[in-house]
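# A closer look at the structure
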Amino acid sequence: LFDALDDQPLDAMLTLLRQLRSDPRDGKIDLGIGVYGDEKGRTPVMQAVRQAERIVAEAQTTKAYVAAEGDARFVSLLAPIVLGAARAADDRYCGMQTPGGTGALRLAAELIARANPDARIWVGTPSWVNHYGLMRSAGLTVLEHPFFDQATQTILFDEMMSALETARTGDVLLLHACCHNPTGAGFTTDQWRAIADLCARKGLLPLVDIAYQGLGHGLEEDAANMRALLDIVPEALITASCSKNFGLYRERLGALWIRGSHAQAALRARATCMKVGRSMWSMPPDHGASVVRTILESPELTASWQAELTTMRARLNAMRAELARAVPQLASVAQQTGMFALLPLSREAVTELRVRDGIYMIENGRMNIAGLTSENLPRFAAALAPSLSK
Ligand code: LMR
């Protein structure tokens, strides 16, 4: 039976991870998969997470199932952080826990496919490599619109808006709330407003992916434009991840909110998602949700989490500034936010950096800023500079 299957190459991210792990050289620089690294190159368990894990281990009396919607208390505590207090209290928003932000995206895509089998989703070029496959797996047609020019490091806003003028009512528009993956580039508040108006005018459904909240300008700041859009459109989907801002990558923790035009519609959409989830993973895993719930129930642990997140953000921004100083052609990197930058490098140059210098980046030129340290940055900058002019 299995002989009938085609070979399935790993995606660019997973291929790179495998190459990195099998490279025996000392001094490799890992700028690949999007995981935060500190000044020593470690990905620490956050202090608040450690403490919450102790509390959870002591207090937990059972491993019985939680629920198809996951831990409802976790969802209601995370809602004001993501959506803001007013929307979190608005019954047109209905949320559920998901296995990672990826689980939220897949559920959102399945929901769209069930609500409108003809729906098409517009995704900017470039976007997170997994966005395309995730949407297609649910049967959605993916249409790409221009988003970013890698050579000039600029957002192609006019081109994007022209492409979206051809969208059909009922189409979906995928947006990154902040810290765009892979480019780090973000719309201005005016541009967000124009996108929101376009969605409302043409009847497009925004699907907003917020996977890096707190790693750009701050928890509130990173959500502000998304929240303003939510106040303009009648319906929306919001997918959140706790992988990066709580450092809970392997625990697979995320959430999906449905914003309906009225409460009943949002509830019905969530029931559809729970039914889909039931046939994929039955119920989401609990550990990460218990940990985040425990943090958010405690003012002390919440303060500790936010302080550590602030330190992480400051480090990312410091590395951006240092890279821009060391490589003047990359001045724009200092204006961008979050974990990633999409460098103007050819695929050959990326391969050369990996093979010759042990510097690992995604083949499209995406680098993880969090892989830089004050120690490895000068070597990276020196290796990079000649490739930029090629
Ligand atoms: C990334 O973009 O590197 C992360 O979101 C990890 C992943 O699964 O791709």
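Right above here is the structure, for reference.
This report concerns the structure included in the present document.

Thresholds applied
Residues numbered from 1 in each chain as written. Predicted model: local features only at pLDDT ≥ 70, side-chain atom pairs only at ≥ 80, totals over all residues. Helix = DSSP H or I, 4+ residues; strand = E, 2+ residues; numbered from the N terminus. Rg over C-alpha atoms; globule rule 2.2 N^0.38 Å. Buried ≥ 20, exposed ≤ 12 C-beta atoms within 10 Å, placed from the backbone. Contact = placed C-beta atoms within 7 Å. Core = buried A, V, L, I, M, F, W, Y, C linked by C-beta atoms within 7 Å. Domains from an automatic or database assignment. Pairing = 2+ DSSP bridges.

In terms of regular secondary structure, the chain is built from 14 helices and 13 strands. Relative to the 2.2 N^0.38 estimate, which gives 21 Å for 390 residues, the radius of gyration of the chain is 21 Å and therefore close to what a compact globule would have. Sorting the 390 residues of the chain into buried and exposed places 45% on the buried side. Restricting the contact set of the chain to residue pairs at least 6 apart, pairs at least 24 apart contribute 75%.

Let us look at the environment of Ile-112. Within the secondary structure, Ile-112 sits in helix 5 (residues 100–115). Taking the C-alpha atoms as reference points, Ile-112 and Leu-207, separated by 95 residues in sequence, lie 9.9 Å from one another. Not counting residues within four places of it along the chain, the set of residues in contact with Ile-112 comprises Ala-119, Leu-140 and Val-172.

Grouped burial of nonpolar side chains is what soluble globular proteins tend to show. Counting residues in hydrophobic clusters, the biggest one holds 108 residues, and the most contacted among them are Leu-78, Ala-108, Val-172, Ile-210, Leu-256 and Val-292. Counting the residues that make up this core, at least three belong to each of domain 1 (10–44 + 311–388) and domain 2 (51–299). Contact partners of Leu-256, with chain neighbours within four places excluded, come to Gly-95, Met-96, Thr-98, Ala-104, Leu-107, Ala-108, Leu-237, Thr-239 and Cys-273.

Working note: regular strand, side chains alternate between the two faces of the sheet. Note: strand 3 (residues 120–125) against strand 4 (residues 141–146), six bridges, orientation parallel. Looking across to strand 4, one finds that Thr-125 is bridged to Pro-146. As judged from the two bridges shared by strand 3 and strand 7 (residues 172–176), these two strands associate in the parallel manner. Bridge assignment links Ile-121 to a residue of strand 7, and that residue is Val-172.

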